[in-house]
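# Examining the three-dimensional arrangement
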Amino acid sequence: MPFSRRFVRHIRRIGQGAASLTQGMRVTLYYLFHPKEIVTEEYPENRATLVMHEAFRGKVVMPHDEQDEHKCTACTLCEKACPNGSISILVTKNEASQRVLGQFVYRFSQCTLCNLCVEACPFGAIEMDTSYETSVLDKTVLDQVLNKKEGRA
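Everything in this summary refers to the structure shown in the same document. In this text, all values refer to a predicted model and were calculated from it rather than measured experimentally.

### Quick word on the overall build of the chain
Scanning the chain for helices and strands turns up three helices and five strands. Taking 15 Å as the expected radius of gyration for a compact globule of 153 residues, we find that the chain reaches 26 Å, considerably beyond that expectation. Expressed as lengths along the three principal axes of its C-alpha atoms, the size of the chain is roughly 90 × 45 × 30 Å. The proportion of buried residues among the 153 residues of the chain is 23%. Looking at the chain alone, contacts between residues at least 24 apart form 68% of all its contacts between residues at least 6 apart. Accessible area of the chain: about 11,400 Å², with a carbon and sulfur share of 56%.

Right under this line is the structure:
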């Protein structure tokens, strides 16, 4: 008796697998004969027209205005919010002995793209980019200085 129960259970599992396979193949064949309804992005063929969603998190960037000024005040809140130390703020002083941003060093190779630094910035000085092709052969180019010049507007 135990052998026949196992055999029946085995045949039942084979039948469930065949039903699942049939359901998947039905969806595949439907899209094969209705190509206008396909919602899948055809990457990399559509690379020129592909636009990422606004919620996509690429690397951290520091926007600059027309005069190459940025909004960073060197408060270091983004550096403190970063869970793995991929941001380093190097502070310097200007002629009036005020703290200003010397360098904003960003290490993309260590970044987890968690967006905590952007949320911590009270001035909106940094944001997440929507770039998605970020692979490189030389790892040293992943360390970047985001600000173009010292100081703040």
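We are not done yet, so read on.
### Side note on the pattern of salt bridges
What the rule picks out here adds up to three salt bridges. Linking Lys-148 and Asp-68 is a salt bridge whose minimum nitrogen-to-oxygen distance equals 3.5 Å. Taken together, the residues span a long stretch of sequence, with Lys-148 in the segment after β5 (143-145) and Asp-68 in the loop between β1 (60-61) and α2 (77-81) at a distance of 80 residues. On the accessibility criterion, Lys-148 (58% relative accessible area) is exposed. Across the pair Glu-69 and Lys-149 runs a salt bridge, and its minimum N-O distance is 2.9 Å. Taken together, the residues Glu-69 in the loop between β1 and α2 and Lys-149 in the segment after β5 connect sequence positions 80 residues apart.

### Re the sheet that holds β5
Strand order in the open sheet formed by three strands is β2-β3-β5, and the pairing between neighbours is antiparallel. Each having just a single partner strand, β2 (87-93) and β5 make up the two edges of the open sheet. The mean angle between the axes of side-by-side strands here comes to 25°, regardless of whether they run parallel or antiparallel. The pairing of β2 with strand β3 (residues 99-107) spans seven bridges and is antiparallel. The residue of β3 that forms the bridge with Leu-90 is Gln-103.

### With respect to the nonpolar core
One finds Phe-104, Tyr-106 and Ile-126 to be the most contacted residues of the largest nonpolar core, which totals 20 residues. Of all elements in the fold, only β2, β3 and α3 (116-120) reach the threshold of two or more residues within this core. A total of three residues in this core trace back to one element, the largest contributor, which is β3.

### Remarks on a positive patch on the surface
On the surface, a cluster of positive charge is made up of Arg-5, Arg-6, Arg-9, Arg-12 and Arg-13. Note that Arg-5 resides in helix α1 (residues 2-33). According to the relative accessible area criterion, Arg-5 is exposed, its value standing at 63%.

### So, the packing of aromatic side chains
Per the counting criterion, the structure on display carries three aromatic pairs. Ring centres of Tyr-43 and Tyr-132 lie 5.9 Å apart, and the angle between their planes is 75°; on these two criteria the pair is classed as edge-to-face. Residue Tyr-43 is located in the loop between α1 and β1, and its partner Tyr-132 is located in the loop between β4 (127-128) and β5; the two are separated by 89 residues in the primary sequence. Using a relative accessible area of 28% as the deciding quantity, one classes Tyr-132 as partly exposed. With a centroid separation of 6.2 Å and 45° between ring planes, the pair formed by Tyr-106 and Phe-108 is classed as tilted. Across this residue pair, the class does not change: Tyr-106 and Phe-108 are buried. Cation over ring: Lys-59 sits above Phe-108, and NZ or CZ is 5.6 Å from the ring centre.

The rules behind these values
Residues numbered from 1 in each chain as written. Predicted model: local features only at pLDDT ≥ 70, side-chain atom pairs only at ≥ 80, totals over all residues. Heavy atoms only, no water. Helix = DSSP H or I, 4+ residues; strand = E, 2+ residues; numbered from the N terminus. Rg over C-alpha atoms; globule rule 2.2 N^0.38 Å. Buried < 20%, exposed > 50% of the residue type's maximum accessible area, 1.4 Å probe, protein only. Contact = heavy atoms within 4.5 Å. Areas by Shrake-Rupley, 256 points an atom, 1.4 Å probe, with all protein chains shown as cover. Salt bridge = Lys/Arg side-chain N within 4 Å of Asp/Glu carboxyl O. Pairing = 2+ DSSP bridges. Axes fitted to C-alpha atoms, helices over the stretch in contact; angles between N-to-C directions. Core = buried A, V, L, I, M, F, W, Y, C linked by side-chain atoms within 4.5 Å. Patch = residues over 30% accessible without salt bridge, like charges linked within 9 Å, V, L, I, M, F, W, Y side chains within 5 Å. Lys, Arg positive; Asp, Glu negative; His and termini not counted. Charge placed at Lys NZ, Arg CZ, Asp CG, Glu CD. Phe/Tyr/Trp six-rings, centres within 6.5 Å; stacked < 30°, edge-to-face > 60°. Lys NZ or Arg CZ within 6 Å of the ring centre and 35° of its normal.

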